[in-house]
Amino acid sequence: MSVTDRWADNPFFVLELSVAASRAEVERAGQKWLDMLAVGIGRAAIYMTPLGARARTPELVRSATAALRDPERRVVHELWYLDHAPTPPDDDDVVDVDDGDIGFDAMTPLGWARP
Amino acid sequence: MLTTMTGRPLYVGIDLGTTNSAVAVFDGGVTHIVRNSEGANLTPSVVRVDAKGRVTVGTAARRFLERDPDNTRSEFKRLMGTDRALPFRASGMAMTPPELAAKVLAALRADVHDQLGVLPDTAVISVPALFELPQSAATAEAAALAGFTRVELLPEPIASALAAGWTAEQGDGRWLVYDLGGGTFDVSLLETDDGFLRVVGHDGDNFLGGRDFDWAVVDWAIAAIEREHGVRIRRDAPEHAAAVARLKHAAEEAKVALSRAGEVVLALPAPLETGDSDPFDPELVLTRETFESLVLPLVDRSLAVCERLLREHATAAAGLARIVFVGGPTVTPVLRERVAAVLGAPVADGLDPMTLVAQGAAIHAATAALDARPAGPLVRRGARLWLQFPAVCTDLSPHVVGRVVDGNSGPMPTTIRLQRDDGGYRSDAVRLDDDHAFVVAVELAPRQANAFTIVAEDGAGVTVTVDPPGLTIVQGMTIGDPPLSRSIGVALVSDHVQLYFERGTPLPARRSFTHATIESVARGSADSVLKIPIVQGEHDRAHLCRLVGTLEIPGHAISRSLPAGSEIELTLELDRGGRMSARALVPALDQVFEHVAHLLVPAADTEVLAASLATLRQRVDDLRADAFRHGMPHILIALEHAERDLADVGRDLGAAQGGNDDAGQRARRTLIEIDAALDEVEQSKQWPELEQRIVRTLTWVGGQIAHLGTERERSLFEDVARAVDRARTERNVRELQRQLRLANQLGETAWYRDPDTWPTLFDEATSRVDSASDLPRAQTLVREGRAARDREDMGELRKITEKLWRLLPHDPSARRASYDSGVR
């Protein structure tokens, strides 16, 4: 998963919750979005992030709900949500990591070993 | 007959057990166990076919298990997922494990009909938490054969946790479900927080069960018979099968009797015949003390699994709120005492360990909205609504979502309001949106079924009839989507695993990755097949995971030849029951391949097993000699476990050579587990090297994070570094590797930001370009890469570098180990 995806798929964005959301609010939001997607309510199909609109899918909602159920995983997402601002795309010194290509994490299985 | 169910929803849950099965129903308020035609809660998972082809199931079949073993089959659950058909000699028939399981499921389905007057079409069926994909697929197949049109599979520990959570007033905290069935052991760590149930983790042993208690008694009896009668009975000899079956039957009865008596005489159903001696009837007295000494090592084996689970989740056993026992063997007093004493936690009272799983499955059927009542005649009154809401939920304030899908059958509503039938709540009127949809928040009364009436009005405030006119939501403990029990990924040519779904992923789930082929596939060639092996397990090396299916792209099915390095967009999808489908799109061919071959547990060939056993024994001997030479006592302890498991494999292999397929499967899996354990021993032997790797990794990652990382990455790196220290102190190789992987990911994320990263990787790939599988293409990529570098187009350089790497050669031995994978 690219850095951009990791940021934009943050469960708090997907479920439209604040980091202060209780466990009950997480479950409620997950159920609501899944049900809205199931009956085809148009506004449920998109969520907003600082990087623009993204498609909300049932898989993403389930995954987000599961992530926020687990306190250890939730704290990481809270940190990303609060602090991990995306890399400015116009910064000349920064490699573009968009588009969900196979990514650097996958280079090791491809045969690459760090020097 | 349970007539109270009339007019209420009917949710069916089935515990399809190795030894016994049970069915429960849930009406939204309470669960009931459905008794079979003999009035019993449990139906033996036994099928008999007589000479005329007549099939009997359950207790009636169970009576023939010892007298007529050639025509009576039990414990076929252990063979689910294999393609082995079991013969019934008198009739000449043979049935696969799913066909046999279907007979049991059909009998349970008929019991529901007899008791409730409804033949259910849907159900939730429980499966062991550590079932693999082929075993789950076989269970779903059995359900379809039994006449169920829609089923969901649910891990047994979750089912029992749901039932335990539903029926008791429980406080918050972590608790353990200790589930010992006839053939499998599962342990789950659960947490209740604000009434919400969460599976923290689970572990288990796919081949430890109450049946092993019976076999321990049988082995004791065989030794006593040899000592006192001079007759040697062998479990692996086909000619001794009848004698062994009689001893096992007696052992099962003795085990139950010893929970009340201090000693019992093993009651053999008939004299023993071995072919080598006259029939004889030995008097075997088993004391409770002897029985306990036989089974305690098995109980301790289960406790080691519990402790591993607790350690993995940093939970102190003494801090557990309670232990819930599930499964027939857990009524054994010595087991309860030992588990409670070692873990030091209270045991939950008042729960029936024999039927808890079925009850939980029935409760889950409600969560999954699997009402088993057949649909009545379609009578529409008013505007038809499509409603989505949780049939069961923990949340006291859920939403009801709906949409008018047919406004032609009456006036169209403009507002919707929900009012609880007990008068305790009435929602605001919500205006339908442009899609004729609405979302209404409702309030539930706790721990009961909440019936609501839907009040719809038109623009003039006149009440409009809607269909359905109301809905019911049950408030109580539940769990959301069923979690995946084992991680699933694709074996790559490098013997690494590309992880698609991590253990615990909520189901259903779907994920796609792009792979590259490592060799060409010639169109029309019968021998040319590209394999994409799908594996299941928690290791990052493919050969240590189980192969559960292979997606094949054969030469005869492609529209033109496929060159090496071609892209394959692979999508794996799992439904709520854990059934998998795979889809490979090959853009170069514009073709899709969906046929997953060999979704079966691999056959346990005894010659292969014997060779593997010999290899692993030699490996243990070598490691032991090495450990003595270098004075490494911790390795000797680990090797003791491996040796004990190898002894078990030896015994199972003997039984497999005598025709026992189940033992062969157990031997196959245990060998894989021993192989993985010895890998860890090998790694711990190289501890000094690991120490160096720790230093090297942390230095490199620390450097990257210091120069290029964010503040938060620095904080996360400190956490990981502490975890590395802990793992190093505990000499926990697996955890250490996991933490080092996390550290590497952090470092590599930071390294992304370094403008020199891709030029460095490009140069390295360029230096090996002479060995590329497609040299002209590689040379073109090198030219394109240099141009991209010159114009400082790092995005393009990255894409080119990845393509170049895919053309570099693979290690043939790694490919063989990785189930002959044809993809990177």
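Residues numbered from 1 in each chain as written. Chains lettered and ligands numbered in written order. Predicted model: local features only at pLDDT ≥ 70, side-chain atom pairs only at ≥ 80, totals over all residues.

Caption draft 1: Local environment of the overall build of chain A. When helices and strands are counted, chain A shows six helices and two strands. Residues counted as buried form 34% of the 115 residues belonging to chain A. Sequence-distant contacts, at least 24 apart, represent 62% of the contacts inside chain A between residues at least 6 apart. (Helix = DSSP H or I, 4+ residues; strand = E, 2+ residues; numbered from the N terminus. Buried ≥ 20, exposed ≤ 12 C-beta atoms within 10 Å, placed from the backbone. Contact = placed C-beta atoms within 7 Å.)

Caption draft 2: Local environment of the sheet that holds strand β18 (residues 383-388) of chain B. The four strands are arranged β23-β20-β18-β26 (chain B) in an open sheet whose pairing can be described as mixed. Two strands close off the open sheet at either side, each with one partner strand: β23 (437-441) and β26 (466-467) of chain B. Judged from the five bridges that link them, β18(B) and strand β20 (residues 399-406) of chain B form a sheet pairing that is antiparallel. Residue pairing across strands places B:W386 opposite B:R403, the latter belonging to β20(B). Docked against the sheet, helix α3 (residues 23-39) of chain A engages β18, β20 and β23 of chain B, running at close to 5 degrees with respect to β20(B). (Pairing = 2+ DSSP bridges. Axes fitted to C-alpha atoms, helices over the stretch in contact; angles between N-to-C directions.)

Caption draft 3: The sheet that holds strand β6 (residues 55-57) of chain B, seen in detail. Residues and elements named next belong to chain B. On the basis of which strands lie adjacent, the open sheet formed by three strands has the order β6-β5-β7 and antiparallel pairing. Both outer strands of the open sheet, β6 and β7 (72-74), are each paired with one neighbouring strand and no more. The sheet shows a mean angle of 20 degrees between the axes of neighbouring strands, direction not considered. Taken together, the three bridges between strand β5 (residues 46-49) and β6 define a ladder with antiparallel strand orientation. Bridging across to β6, V47 finds its partner in V57. Across the sheet, helix α2 (residues 97-116) touches β5, β6 and β7, and the angle it forms with β6 is around 65 degrees.

Caption draft 4: Quick peek at the domain arrangement of chain B. Each domain of chain B was delimited in the assignment, giving domain 1 (3-168 + 352-367), domain 2 (171-348), domain 3 (383-468) and domain 4 (606-685). Just the C-alpha atoms count here: the centres of domain 2 of chain B and domain 3 of chain B sit 52 Å apart. (Domains from an automatic or database assignment.)

Caption draft 5: Molecular detail of helix α11 (residues 633-657) of chain B. Its 25 residues place the ends of α11(B) 36 Å apart at the C-alpha level, agreeing with the 36 Å of an ideal helix rising 1.5 Å per residue. Here α11(B) has its buried residues at B:I635, B:A638, B:L639, B:A642, B:V649, B:D652, B:L653, B:A655 and B:A656. (Expected span 1.5 Å × (residues − 1).)

Caption draft 6: Spatial organisation of the environment of B:E607. Inspection of the secondary structure puts B:E607 in helix α10 (residues 606-630). Taking the C-alpha atoms as reference points, B:E607 and B:L653, 46 residues apart in sequence, are found 9.4 Å from one another.

Caption draft 7: Region of the structure containing the packing of helix α17 (residues 775-790) of chain B against helix α18 (residues 794-806) of chain B. All names here are of chain B. At their nearest, the axes of α17 and α18 sit 9 Å apart, and the two run at 160 degrees to each other. It follows from the interaxial angle that α17 and α18 lie roughly antiparallel. The element α17 and its partner α18 pack so that their crossing is left-handed. Across the interface between the two elements, A778, L781, E784, G785, A788 and R789 of α17 pack against E796, L797, I800, T801, K803 and L804 of α18. (Parallel < 35°, antiparallel > 145°, perpendicular 65-115°, else oblique. Left-handed = near helix turned anticlockwise from the far one by under 90°.)

Caption draft 8: How the structure looks around the environment of B:A257. Residue and element names in this part refer to chain B. Relative to the helices and strands, A257 is located in helix α6 (residues 241-257). Note on A257: 17 C-beta atoms within 10 Å, which makes it partly exposed. Sequence separation between A257 and T332 is 75 residues; the distance between their C-alpha atoms is 9.9 Å.

Caption draft 9: Quick peek at the packing of helix α5 (residues 210-229) of chain B against helix α7 (residues 288-312) of chain B. Residue and element names in this part refer to chain B. For the pair α5 and α7, interaxial distance at closest approach is 9 Å and the crossing angle is 130 degrees. The angle between α5 and α7 falls in the class oblique. The hand of the α5/α7 crossing is right-handed. Residues D212, F213, A216, V217 and W220 of α5 touch α7, and the partners they reach there are T290, F291, L294, V295 and L298. Its residues assigned to classes, the contact of α5 with α7 comprises eight nonpolar, one polar and one charged. (Nonpolar A, V, L, I, M, F, W, Y, C, P; charged D, E, K, R; others polar.)

Caption draft 10: The arrangement of the environment of B:L616 in detail. All names here are of chain B. Residue placement: L616 occurs in helix α10. For the pair L616 and E796, spaced 180 residues apart in the sequence, the C-alpha separation amounts to 48 Å. With near-sequence residues (within four places) excluded, L616 lies in contact with L646, L671, I674, D675 and L678.

Caption draft 11: Quick look at the confidence of the model for chain A. Residue and element names in this part refer to chain A. Taken residue by residue, chain A gives an average pLDDT of 73. The fraction at 70 or more is 66%. When mean pLDDT is compared element by element in chain A, helix α2 (residues 11-14) scores highest at 94, while helix α6 (residues 107-110) scores lowest at 46. Under a pLDDT of 50 for its full length, residues 85-115 has, in the predicted model, 50 contacts with residues more than four places off or in other chains. (pLDDT = per-residue confidence, 0-100.)

Caption draft 12: Summary view of the nonpolar core. All names here are of chain B. One finds V12, Y178, A361 and A365 to be the most contacted residues of the largest nonpolar core, which totals 194 residues. Among the elements that take part in this core, α2 stands out by supplying nine residues, more than any other. For A365, the contacting residues outside a window of four places in its chain are Y11, V12, G13, F26, A123, V124 and L370. With 17 residues, the next largest nonpolar core counts L623, A638, L639 and A656 among its residues. (Core = buried A, V, L, I, M, F, W, Y, C linked by C-beta atoms within 7 Å.)

Caption draft 13: Structural view of the pairing of strand β34 (residues 580-586) of chain B. Residue and element names in this part refer to chain B. Burial along β34 is one-sided: M580, A582, A584 and V586 are buried, and none of S581, R583 and L585, which face the opposite way, are. Both strand β33 (residues 567-574) and β34 contribute to a ladder of six bridges, which runs antiparallel. What sits directly across from L570, in β34, is A584. Across three bridges, β34 lies against strand β35 (residues 591-593) in antiparallel orientation. By the bridge assignment for β35, L585 is matched with V592.

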